[in-house]
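# Summary of the model geometry
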Amino acid sequence: MKNVVFCKDKRRIKKTYYESFSKKERMSWTLMLLLSCTPTTKFRSFYDDEKLCGFIYYGALGNYVFVMFFAVDAKLRSRGYGSKILAELRTQYPNRKILVTIDPPSRDGVDIKTRRKQFYIRNGFKETGYYIKSFGNEQEILLSGGKFSKVGFSVFLLIYSCFAIWPRIEKHDF
């Protein structure tokens, strides 16, 4: 994986980012690049030889790695690249809990949200039963590597964001 800030394919990564996330889900591209220059934020591109496959944007602090944005180029999906990117992340952080938040799947059929959750489950993530609410949007928290701690993840978010994010994390029992 390569640092996106120094990557020759920034435009293609930005295009994949804009195609993969809706306007309400995205953060500023410039802010992402700036934050990735801090010690706790990583913005990495993933290649298969010289072919750009996708990217991952995450925070790493203490015992946690929190994946905020992760996408594979639309033309290359369903070829195992997403699994390879997650495997590489696990290799880099073998003793840390890796968390991701996703939009909850619909209850009436298979949609992109359901497929996304199935992808993470196939790749070793587990349901925590917890949801985080921010900016009016509720997302399910999935975890790989260890047991979920509401307090631990809340503290991670507070410290990672310099107290800008006051998470509301709740357990759902459906």
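Residues numbered from 1 in each chain as written. Predicted model: local features only at pLDDT ≥ 70, side-chain atom pairs only at ≥ 80, totals over all residues. Heavy atoms only, no water.

### As for the overall build of the protein
- Along the protein, the regular secondary structure elements total five helices and eight strands.
- Taken over C-alpha atoms, the radius of gyration comes to 16 Å for the protein, in line with the 16 Å a tight globule of 174 residues would show.
- Within the span of the protein, comprising 174 residues, buried residues form 46% of the whole.
- Long-range pairs, those at least 24 residues apart, make up 57% of the contacts in the protein between residues at least 6 apart in sequence.
- Across the protein, the 32 positively charged side chains and the 16 negatively charged ones have centroids separated by 4 Å. (Helix = DSSP H or I, 4+ residues; strand = E, 2+ residues; numbered from the N terminus. Rg over C-alpha atoms; globule rule 2.2 N^0.38 Å. Buried < 20%, exposed > 50% of the residue type's maximum accessible area, 1.4 Å probe, protein only. Contact = heavy atoms within 4.5 Å. Lys, Arg positive; Asp, Glu negative; His and termini not counted. Charge placed at Lys NZ, Arg CZ, Asp CG, Glu CD.)

### Considerations on the nonpolar core
- By size, the foremost hydrophobic cluster in this structure holds 22 residues, and its most contacted members are Tyr58, Val67, Phe70, Leu89 and Tyr120.
- Put simply, the parts of the chain that give this core at least two residues each are strand 3 (51–61), strand 4 (64–72), helix 3 (81–92), strand 5 (97–102) and helix 4 (112–122).
- Setting aside residues no more than four positions away along its own chain, Val67 makes contact with Ile56, Tyr57, Tyr58, Leu89, Ile98, Leu99, Val100 and Thr101.
- Residues Ile13, Tyr47, Phe69 and Ala71 belong to the second largest nonpolar core, which totals 15 residues. (Core = buried A, V, L, I, M, F, W, Y, C linked by side-chain atoms within 4.5 Å.)

### Quick notes on the packing of aromatic side chains
- This structure, assessed with the given rule, holds 24 aromatic pairs.
- When the ring of Phe43 is compared with that of Phe55, the centres are 5.8 Å apart and the planes differ by 75°; the resulting orientation is edge-to-face. With Phe43 in strand 2 (residues 41–48) and Phe55 in strand 3, this residue pair connects regions lying 12 residues apart in the sequence. The same class applies to Phe43 and to Phe55, which are both buried.
- For the pair Tyr64 and Phe156, a centre-to-centre distance of 5.8 Å together with 45° between the ring planes defines the contact as tilted. (Phe/Tyr/Trp six-rings, centres within 6.5 Å; stacked < 30°, edge-to-face > 60°.)

### Some words on the sheet that holds strand 1 (residues 2–3)
- Read across the sheet, eight strands follow the order 1-2-3-4-5-7-6-8 without closing on themselves; strand pairing throughout is mixed. Across the chains shown, the open sheet's two edge strands, defined by having one partner strand only, are strand 1 and strand 8 (168–171).
- In this sheet, strand 7 (residues 137–144) lies alongside strand 5 in antiparallel orientation, the contact comprising five bridges. By the bridge assignment, Val100 is partnered in strand 7 with Leu142.
- Lying over the sheet, helix 1 (residues 10–20) contacts strand 2, strand 3 and strand 4, oriented at roughly 75° with respect to strand 3. (Pairing = 2+ DSSP bridges. Axes fitted to C-alpha atoms, helices over the stretch in contact; angles between N-to-C directions.)

### Quick look at the side chain of Ser20
- Its location among the elements puts Ser20 in helix 1.
- The buried category is assigned to Ser20, whose relative accessible area is 18%.
- Ignoring any residue separated from it by four or fewer positions in sequence, one finds Ser20 in contact with Glu25, Ala71 and Arg77.

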